[in-house]
Amino acid sequence: MGALKGSISARRYQVLGELPPDFTPIYIDKLNDNAFRDALSAAHKEERLGWAQVHNLLDTDFSDSNLWLYQQYAVFSLRVDKKVLPATLFRATLEKRQQTWCKANNREKVPFSAKAELRETLELEMLAQTLPRVSIAEVVWNTREGWLLFHSHAEAQNDRFRKLFHRTFGFILRPFAPLDFVSDMPEVAARLMASGGTDLRPAHLGDDHV
Amino acid sequence: MFEPGSGDGNEGVPGGADDETPPHIASDFYLWLWYSSEVGRGQIDVADESPFTWWVDDRLSFRSAGEDKVNAVLTGENPSTTPEARAALAGGKVLRDVRLALRRDDREYAVTLRGSNVAVAGAKIPAQLKTGDTTEIVLERMFLYEELHWMIGMMFRKFGEARASAEWSPFADRMRTWAAGGPA
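Residues numbered from 1 in each chain as written. Chains lettered and ligands numbered in written order. Predicted model: local features only at pLDDT ≥ 70, side-chain atom pairs only at ≥ 80, totals over all residues.

> So what about the overall build of chain A? Which residues, and what values?
Secondary structure assignment for chain A yields five helices and nine strands. In sequence order, the secondary structure elements of chain A are arranged as β-α-β-β-β-α-α-β-β-α-β-α-β-β. Relative to a compact globule of 210 residues, whose C-alpha radius of gyration would be 17 Å, chain A shows 25 Å and is clearly more extended. By principal-axis analysis of the C-alpha atoms, chain A measures approximately 80 × 60 × 30 Å. Restricting to contacts in chain A with at least 6 residues of sequence separation, those with at least 24 account for 63%. (Helix = DSSP H or I, 4+ residues; strand = E, 2+ residues; numbered from the N terminus. Rg over C-alpha atoms; globule rule 2.2 N^0.38 Å. Contact = placed C-beta atoms within 7 Å.)

Rendered as structure tokens:
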């Protein structure tokens, strides 16, 4: 939400580096190379991430630049999928299977190797039946002015985004900081950094705190 | 010089997670925004540009000095005018987030400025286009976002000049009197 409708909650970054001239065909390839891909196996449990179109997270072909480049703004999404098994159901089912194994093999305890095999089999079975948890966060990149908005404040999501952005386009992203507003006023910036927080407690007239 | 494709994008990033702005700067900025709008006009006049006004909208959240987590939130209509809000300041709390309303010409915005990096959250922009040509929608929304970003920047610059000047100490004394329930 935010790029095309709704309220905006976004972290702003400066894109460090210059775009190649006539970047559109180059970036079509780069976006396609790093687009979201479904796992080959339904039992895949590792996190998967990649770019998707902003219009629909199932659209991951960037060949038509009319669907992601709007004048100077490149607009696309980061999609992250992760399958998470229901832990309590998994534990309970595993316990039942261990009891069944003990009965079938006339043993009191399941040996370590058999336990690991039961666990692995169950994990694969349940992963195949589980839908991934899908998260999506939009990107709006002003390619002319070298800044972008990433529509998420979650730290982990921002880390993933910066890494994939760098892998895709080769640019480092520098988070915007409030002192950037006074970057042309170095004396003010230095004094702000050196100041302490203003303490309004009556007993602390003139004092600062952090 | 940066070479595209080197590293994983996280190392040596200036302004990254390890290089955050000290939290007291944002807290003082929010305090200045609040006090200026309560006792002054909450207006910035810019040469050759339309002026804009701001006021605290419907939410203030506080933290204890030296901590990051929110430990008091005031919401509802005009929370900034309540005795509780000023008492929080007089009790040594500082602002962590502030929700502002802004107006420039006939355009009204609302935004929560959050945390030490003055992050933009829940920003409502007066976009007119909801459906139709995507290019038009993106351009309108980004124009409005940029105007909001510009206004936040102008307020921060004004605050920065005030905070860095010798006038801040008497200004802080006036705020202290006001926080204690006295006149501004």
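Having put the structure on the table, let's press on.
> Would you mind going over the interface of chain A and chain B in detail, with residue names and values included?
With 47 residues of chain A at the contact, the number on the chain B side is 56 residues. Broken down by secondary-structure element, the contributors of at least two residues to the side of chain A that touches chain B are strand E1 (8–16), strand E4 (73–82), helix H4 (155–169), strand E7 (172–175), helix H5 (186–194) and strand E8 (197–198) of chain A. Looking at the side of chain A that touches chain B residue by residue, the classes come out as 25 nonpolar, 13 polar and nine charged. One ladder, built from two bridges, connects E1(A) with strand E6 (residues 119–124) of chain B; its direction is antiparallel. (Nonpolar A, V, L, I, M, F, W, Y, C, P; charged D, E, K, R; others polar. Pairing = 2+ DSSP bridges.)

> Which residues make up the nonpolar core, and what values do they have?
Ranked by internal contacts, the top residues of the largest apolar core, which has 85 residues, are A:Val75, A:Phe76, A:Val140, B:Phe29, B:Tyr30, B:Leu33 and B:Val98. Of the residues forming this core, the biggest block, ten residues, is contributed by helix H3 (residues 134–163) of chain B. Ignoring anything within four residues of it in the chain, the contact list for A:Phe76 reads A:Leu31, A:Trp51, A:Ala52, A:Gln53, A:Val54, A:Trp68 and A:Val139. (Core = buried A, V, L, I, M, F, W, Y, C linked by C-beta atoms within 7 Å. Buried ≥ 20, exposed ≤ 12 C-beta atoms within 10 Å, placed from the backbone.)

> Explain helix H2 (residues 83–90) of chain B residue by residue, including any values.
Residue and element names in this part refer to chain B. Of the residues making up H2, those classed as buried are Ala85, Arg86, Ala88 and Leu89. Buried residues of H2, viewed axially, fall in a sector of 150°; they line one side. Seen from the open side of H2, the exposed residues pointing more than 90 degrees away from its buried face are Pro83 and Glu84. On its buried face, H2 is in contact with strand E2 (52–64), strand E3 (70–75), strand E4 (93–104) and helix H4 (168–179). Of the residues flanking the end of H2, it is Gly92, one or two places downstream, whose phi is positive at about 100°. (Arc of directions from axis to C-beta.)

> How would you sum up the pairing of strand E5 (residues 133–142) of chain A? Please name residues and give values.
Residues and elements named next belong to chain A. Where E4 meets E5, ten bridges bridge the pair, whose relative direction is antiparallel. Of the residues in E5, the one forming a bridge with Arg79 is Ile136. Where E5 lies against strand E6 (residues 147–150), four bridges are found, and the strand directions are antiparallel. Among the inter-strand pairings, Val140 is bridged to a residue of E6, identified as Leu149. From the end of E5 to the start of E6, which pair antiparallel, there are four residues, and Gly146 there has a positive phi angle of about 75°.

> For the packing of helix H2 (residues 87–105) of chain A against helix H3 (residues 112–129) of chain A, give the residues involved together with the corresponding values.
How two helices pack is summed up by the angle between their axes together with the distance between the axes. Residues and elements named next belong to chain A. As a packed pair, H2 and H3 sit with axes 10 Å apart at the nearest point and diverge in direction by 135°. In terms of orientation, H2 and H3 fall into the oblique class. Handedness of the crossing formed by H2 with H3: right-handed. Judged by residue contacts, Phe90, Thr93, Leu94, Arg97, Gln98 and Trp101 of H2 engage Ala114, Lys115, Leu118, Arg119, Leu122 and Met126 from H3. Its residues placed into classes, the contact of H2 with H3 shows seven nonpolar, two polar and three charged. (Axes fitted to C-alpha atoms, helices over the stretch in contact; angles between N-to-C directions. Parallel < 35°, antiparallel > 145°, perpendicular 65-115°, else oblique. Left-handed = near helix turned anticlockwise from the far one by under 90°.)

Function-wise, these values are silent; they only describe arrangement.
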